[in-house]
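Each chain, letter by letter, is given below.
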Amino acid sequence: MNKKYYIIDFDSTFTQVEALDELARISLQDHPDRELIYKKIEDLTNQAMEGKLSFRESLAGRVKLLEANKEHLKLLVKHLKKLVSPSFARNKNFFKNHADEVLIVSGGFKEFITPVVLPYHIRKANIYANTFVFDETGKIIGYDETNPLSFEGGKVKLLKELQLQGEIHGIGDGYSDFQLKEFGMIKKFYAFTENVARKSVVEKADHVTPSLDEFLYINNLPAAISYPKNRINCVVTAQVPDQVVKQLKKEGYTVKQVEKLESSQVAKARIIVAGGKEKISGEVLEAAGKLKLIAYLGNAAKAISLATCTQKGVIVFDDFKKPASVLKRITGFINNGDSFKSVNFPNIQLPALSNVHRCIHVHKNVPGVMAHINQVFADHQINIVSQYLMTNDHIGYVIADIRSDYDKVLLKALKKVENTISFRVLY
């Protein structure tokens with residue numbers, strides 16, 4: 001079996017920002033023409049990332065404008081450590097488990113890249129980037145012009161020199177990342193759009209990945225969450241405030257706004273967020289096949305068929321006055337399995353655990369289901385780290401945290417437990 005390598009960009013990929021742009025904001029904060037210089041640096045960055053300017057011209061132009069020194073670099077590193085892309089931050093274990101196969105390849109500079117990525121188990125020998133040249137006072141006066149990464153097509157030149165033997169995947173946001181695919185150096189190029197989506201790059205990608213979760217999911221690699229948020233369709237009705245819509249998009253959900261809920265939309269939705277005057281009948285809810293959650297900005301008991309939701313394993317949250325509270329409940333349920341303050345589910349608040357898989361089982365509240373669930377785990381020799389059960393008059397809500405690896409046979413067996421309403425693996 002071929003070894004797999006993962007070539008990952010730094011700026012706007014591993015981190016949320018372009019580091020040289022941020023360095024300029026630090027080093028030029030007292031400069032009278034700082035806004036004009038910031039704009040020039042940002043323009044040079046974008047032109048190179050979109051393939052409209054050679055990387056070498058862009059790099060030389062930006063470094064010349066910086067007016068930065070080693071003290072500014074220290075401040076930059078501190079700043080960048082707080083701006084690691086969220087999906088990278090939550091998937092630290094991926095880097096730990098693939099330390100030999102992950103390479104950071106960037107047109108940026110080792111002086112700020114190395115201290116940011118080392119805490120993520122990236123090997124120092126696997127960090128490929130440019131290096132600054134300093135004068136005797138510590139001021140940046142240039143860069144190593146012999147480094148292949150300082151040239152146009154530098155990433156292609158570097159990979160030719162490395163001669164990696166195996167299947168290579170590239171992840172990045174810029175034109176220089178796509179060039180690796182264009183010149184046949186990698187098998188697939190993934191356009192990373194969590195922070196910025198460049199049309200000229202996205203159009204050329206083998207796959208658009210709005211987060212590292214998406215990349216790990218489609219490549220069957222273990223991830224911090226079992227299902228990427230960009231694959232969770234969230235239908236929002238017209239009466240929902242803009243602030244709620246913006247936050248849902250920021251969380252990474254695929255958001256579709258509609259004037260009125262129809263069966264065809266409910267059939268595709270995993271989350272529905274509805275305004276206080278929207279009525280959701282049992283007839284409409286019968287179309288729900290993937291639906292997991294309804295967040296209602298009003299009195300759900302007067303507007304939604306809660307009985308149908310419960311029968312289908314759909315959790316309902318509502319709030320009369322604070323939309324932010326509903327958002328908090330959505331996040332708690334999707335990220336952690338929390339049912340606290342649900343209208344129709346037993347209420348549970350759960351601790352977040354690391355290095356486990358969290359399984360959520362919803363079933364009719366009848367005797368014997370819990371024993372059957374535990375028998376399935378026992379039959380598959382799965383040790384349970386922690387387990388929670390709460391019931392109400394209609395349903396039982398079970399959360400089981402397991403540390404062992406599992407296969408699809410286990411999941412199928414849990415779904416087939418008699419009186420099961422729904423089952424999912426959270427992470």
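Before any of the text, the structure's been laid out above.
The paragraphs below set out a description of the structure included in this document. None of these values were measured; they are calculated from a predicted model.

Points about the pairing of strand β2 (residues 102–109)
Piece 1. For β2, the tally of buried residues reaches eight of eight residues, placing the bulk of the element in the interior.
Piece 2. The alternating pattern of β2 places V102, I104, S106 and G108 on one face and L103, V105, G107 and F109 on the opposite face, and all of these are buried.
Piece 3. Relative to β2, strand β1 (residues 4–8) runs parallel, the two being bridged by three bridges. Paired with Y6 across the two strands is V102, which belongs to β2.
Piece 4. Following the backbone out of β2, through helix α8 (residues 110–117) and into the adjacent parallel strand β3 (residues 127–130), one traces a crossover that is right-handed.

Considerations on the nonpolar core
Piece 1. If you look at the biggest cluster of nonpolar residues, it comprises 49 residues, and the most contacted ones within it are F10, F14, L23, F95, F112 and F132.
Piece 2. Sort the elements by how many residues they give to this core and helix α2 (residues 19–27) lands first, with five residues.

A closer look at helix α4 (residues 55–66)
Piece 1. End to end, α4 covers 17 Å across 12 residues, agreeing with the expected 16 Å (1.5 Å per residue, within 8%).
Piece 2. Of the residues making up α4, those classed as buried are F55, S58, L59, R62, V63 and L66. Along α4, the residues classed as buried sweep out an arc of 120° about the axis, all on the same side. Exposed and oriented more than 90 degrees from the buried face of α4 are E57 and K64.
Piece 3. The inward-facing, buried residues of α4 abut α2, α3 (34–49), β2, β3, β4 (132–134) and β5 (140–143).
Piece 4. Phi turns positive, to about 55°, at E67, one or two residues after α4.

What to know about the sheet that holds strand β6 (residues 167–172)
Piece 1. Here six strands make up an open sheet; going across it, the order is β3-β2-β1-β6-β7-β8 and the pairing parallel. The strands lining the two open edges of the sheet, one partner per strand, are β3 and β8 (207–209). Put simply, the sheet's adjacent strands are angled 20° from each other on average, direction ignored.
Piece 2. Pairing analysis gives three bridges linking strand β7 (residues 188–192) to β8, with the strands arranged parallel. Residue pairing across strands places A191 opposite V208, the latter belonging to β8.
Piece 3. The sheet strands contacting helix α10 (residues 175–182) are β1, β6 and β7, and the helix crosses β7 at an angle near 165°.

Some details on the environment of V398
Piece 1. Relative to the helices and strands, V398 resides in strand β16 (residues 395–402).
Piece 2. Separated by 162 residues in sequence, V398 and V236 place their C-alpha atoms 29 Å apart.
Piece 3. Not counting chain neighbours up to four residues away, the residues in contact with V398 comprise C359, I360, H361, H363, M370, I373, Q387, Y388 and L389.

Digging into the packing of aromatic side chains
Piece 1. Under the counting rule described, the total for this entry stands at 21 aromatic pairs.
Piece 2. Residues F14 and Y120 carry aromatic rings whose centres are separated by 5.4 Å and whose planes lie at 90° to one another, so their mutual orientation is edge-to-face. Taken together, the residues F14 in helix α1 (residues 10–14) and Y120 in the loop between α8 and β3 connect sequence positions 106 residues apart.
Piece 3. According to the relative accessible area criterion, F14 is buried, its value standing at 0%.
Piece 4. Directly above the aromatic system of F134 lies the positively charged group of K70, at a separation of 4.8 Å from the ring centroid.
Piece 5. Note that K92 overlies the ring of Y120, its terminal NZ or CZ placed 5.0 Å from the centroid.

Things to note about the pairing of β5
Piece 1. Bridge count for β4 against β5 is three bridges, and the pairing is antiparallel. Bridge pairing in β5 links F134 to I140.
Piece 2. Where β4 hands over to β5, the hairpin turn is made up of five residues, of which G138 adopts a positive phi near 95°.

Some thoughts on unusual backbone geometry
Piece 1. Of note, E67 is a non-glycine position whose phi angle comes to about 55°, a positive value.
Piece 2. Structurally, the position occupied by E67 is in the loop between α4 and α5 (70–80).
Piece 3. Look at Q163: it is not a glycine, yet its phi comes out positive at around 50°.
Piece 4. Mapping Q163 onto the fold places it in the loop between α9 (154–162) and β6.
Piece 5. When its relative accessible area of 58% is taken as the criterion, Q163 is described as exposed.

The rules we used
Residues numbered from 1 in each chain as written. Predicted model: local features only at pLDDT ≥ 70, side-chain atom pairs only at ≥ 80, totals over all residues. Heavy atoms only, no water. Buried < 20%, exposed > 50% of the residue type's maximum accessible area, 1.4 Å probe, protein only. Helix = DSSP H or I, 4+ residues; strand = E, 2+ residues; numbered from the N terminus. Pairing = 2+ DSSP bridges. Right-handed = clockwise from strand over helix to strand, strands pointing away. Core = buried A, V, L, I, M, F, W, Y, C linked by side-chain atoms within 4.5 Å. Expected span 1.5 Å × (residues − 1). Arc of directions from axis to C-beta. Contact = heavy atoms within 4.5 Å. Axes fitted to C-alpha atoms, helices over the stretch in contact; angles between N-to-C directions. Phe/Tyr/Trp six-rings, centres within 6.5 Å; stacked < 30°, edge-to-face > 60°. Lys NZ or Arg CZ within 6 Å of the ring centre and 35° of its normal.

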